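# Notes for the structure review
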Amino acid sequence: MDEVLSSKAWKGACVVDNVLYYHDCPGKVLMAYDPKQMCWSVVNGLEEFLAVETAHSIWSAAVSYGEKKLALFFLKKHDGKNVICCAEIALERRQGGDILGKMESCDVVIENGLFDIVEFVSVTV
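Residues numbered from 1 in each chain as written. Predicted model: local features only at pLDDT ≥ 70, side-chain atom pairs only at ≥ 80, totals over all residues. Heavy atoms only, no water.

With an unreviewed UniProt entry as reference, the chain is termed BnaC05g46760D protein, source organism Brassica napus.

## Some points on the overall build of the chain
Formally: Secondary structure elements are taken from DSSP: a helix is a run of H or I of four residues or more, a strand is a run of E of two residues or more, and numbering for both begins at the N terminus. Only protein chains enter the accessibility calculation, which uses a 1.4 Å probe; a residue is then buried when its area is under 20% of its type maximum, exposed when over 50%, and partly exposed in between. Contacts are assigned to residue pairs that have any heavy atoms within 4.5 Å of one another. Throughout, the Shrake-Rupley method with a 1.4 Å probe supplies accessible areas, and for residues the shown protein chains are the sole cover considered.
In terms of regular secondary structure, the chain is built from one helix and eight strands. Sequence-ordered secondary structure for the chain, helices as α and strands as β, is β-β-β-β-α-β-β-β-β. Counting over 125 residues, the chain shows a buried share of 35%. Nonlocal contacts in the chain, meaning residues at least 24 apart in sequence, comprise 41% of its contacts between residues at least 6 apart. Per element, the accessible surface of the chain, about 7900 Å² overall, is 53% carbon and sulfur.

## Regarding the sheet that holds strand β3 (residues 29-34)
So the rule is basically this: Criterion used throughout: strands pair if DSSP finds at least two bridges between them. Fitted lines through C-alpha atoms give the axes, limited to the stretch in contact for helices. The angle between two N-to-C directions lies from 0 to 180 degrees.
Sheet architecture is open: four strands sit in the order β1-β2-β3-β4, paired in antiparallel fashion. Edge strands, defined here as strands with exactly one partner in the open sheet, are β1 (14-16) and β4 (39-42). Each strand of the sheet is rotated relative to its neighbour by a mean of 35 degrees, with strand direction disregarded.

Here is the structure:
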């Protein structure tokens, strides 16, 4: 297994189209690891959204959400309460290997503040 992939616990990461996606909370960027090219890159197009919406989030989790999409769940303060938000992000691989992300929607999904996150899973029905 690649040394980079085994160097960190990838809790909250997901795979879409054979690429590993990981939201780096402290860095406020969505990272992509392509095992064919054996390199990390930043998913472009989400910089402003992630800087504003996930600015104070202490955790996040990405799950595969259909073809070429992921759902990013994150903790946020809203009206003085902790809420969980979900952003639907479309992914597009550009010529040259760059990956472009586009936030399609972002909504509060749990807002009562009484929750405990155990695990996020992707389910296909």
